[in-house]
Amino acid sequence: MFTTRDGTPWEPEYITAIDGKTCIGCGRCFKVCSRDVMKLMGVNEDGELVACAEDEDDDDEEFLRKVMVLHAEGNCIGCGACYRVCPKGCQTHAKASALAAAA
């Protein structure tokens, strides 16, 4: 447990999963995360995840859709910005204390 500058108790909630069936690949979570926790992937016609080009103009692969996936979840600081901007609520977060107890 931590406290904010005014002394209010605060506990980080770290991202643990992204539901690929619900995610629409809008990229809002990616844009607000400064920690490189997620990355955008394409879903091909076989249902496989395929890396997307850094520049959308360079994407030669055709995707049925794009989804966000966890890339480096250990980089998450538990700020919750990604959760607040997600229009589909497809992310799962866990309190730091719950993750520590499970380890």
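Just above, that's the structure.
The shown structure was predicted, so the numbers you read here are calculated from the model rather than taken from an experiment.

A.B. asks: Tell me about the overall build of the protein, residues and numbers included.
C.D. replies: A tally of helices and strands in the protein yields three helices and seven strands. When the elements of the protein are put in sequence order from the N terminus, they spell out β-β-β-α-β-β-β-α-β-α. Overall, the protein is about 50 × 25 × 20 Å in size when its C-alpha atoms are taken along their principal axes. Buried positions account for 31% of the 103 residues belonging to the protein. For the protein, the proportion of contacts with a sequence separation of at least 24, taken over those separated by at least 6, is 67%. Element-wise, carbon and sulfur atoms account for 49% of the exposed surface of the protein, whose accessible area totals about 7100 Å².

A.B. asks: With reference to specific residues and values, describe the environment of Val-50.
C.D. replies: Relative to the helices and strands, Val-50 resides in strand β5 (residues 49–51). Distance in space between the C-alpha atoms of Val-50 and Leu-40 is 9.3 Å, their sequence separation being 10 residues.

A.B. asks: Talk me through the pairing of strand β4 (residues 38–43); I want residue IDs and the actual numbers.
C.D. replies: By the bridge criterion, six bridges tie β4 to strand β6 (residues 65–70) in an arrangement that is antiparallel. Across the sheet, the residue bridging to Leu-40 is Met-68, located in β6. Looking at chain direction, β4 and β5 are connected through three bridges and run antiparallel. Residue pairing in the sheet places Gly-42 in a bridge with Val-50 of β5. The antiparallel pairing of β4 with β5 creates a hairpin that spans five residues between the two strands, and Gly-47 there sits at a positive phi of about 80°.

A.B. asks: Please give an account of the sheet that holds β4 that cites residues and values.
C.D. replies: Within the open sheet, the three strands sit side by side as β5-β4-β6. Their pairing is antiparallel. The open sheet is flanked by β5 and β6, the only strands paired with a single partner. Each adjacent strand pair in this sheet contributes to an overall mean axis angle of 50°, direction not counted.

A.B. asks: Break down a negative patch on the surface for me, with residues and values.
C.D. replies: A cluster of like negative charges, contributed by Glu-45, Asp-46, Glu-48 and Glu-62, occupies part of the molecular surface. Of note, Glu-48 is situated in the loop between β4 and β5.

A.B. asks: So what's going on with the packing of aromatic side chains? Which residues, and what values?
C.D. replies: With the rule as written, the count across this model stands at one aromatic pair. Geometrically, the ring pair formed by Phe-2 and Trp-10 is tilted, given 6.4 Å between the ring centres and 45° between the ring planes. Residue classification places Trp-10 among the partly exposed positions, given a relative accessible area of 36%.

Reading the values: the criteria
- Residues numbered from 1 in each chain as written.
- Predicted model: local features only at pLDDT ≥ 70, side-chain atom pairs only at ≥ 80, totals over all residues.
- Heavy atoms only, no water.
- Helix = DSSP H or I, 4+ residues; strand = E, 2+ residues; numbered from the N terminus.
- Buried < 20%, exposed > 50% of the residue type's maximum accessible area, 1.4 Å probe, protein only.
- Contact = heavy atoms within 4.5 Å.
- Areas by Shrake-Rupley, 256 points an atom, 1.4 Å probe, with all protein chains shown as cover.
- Pairing = 2+ DSSP bridges.
- Axes fitted to C-alpha atoms, helices over the stretch in contact; angles between N-to-C directions.
- Patch = residues over 30% accessible without salt bridge, like charges linked within 9 Å, V, L, I, M, F, W, Y side chains within 5 Å.
- Salt bridge = Lys/Arg side-chain N within 4 Å of Asp/Glu carboxyl O.
- Lys, Arg positive; Asp, Glu negative; His and termini not counted.
- Charge placed at Lys NZ, Arg CZ, Asp CG, Glu CD.
- Phe/Tyr/Trp six-rings, centres within 6.5 Å; stacked < 30°, edge-to-face > 60°.

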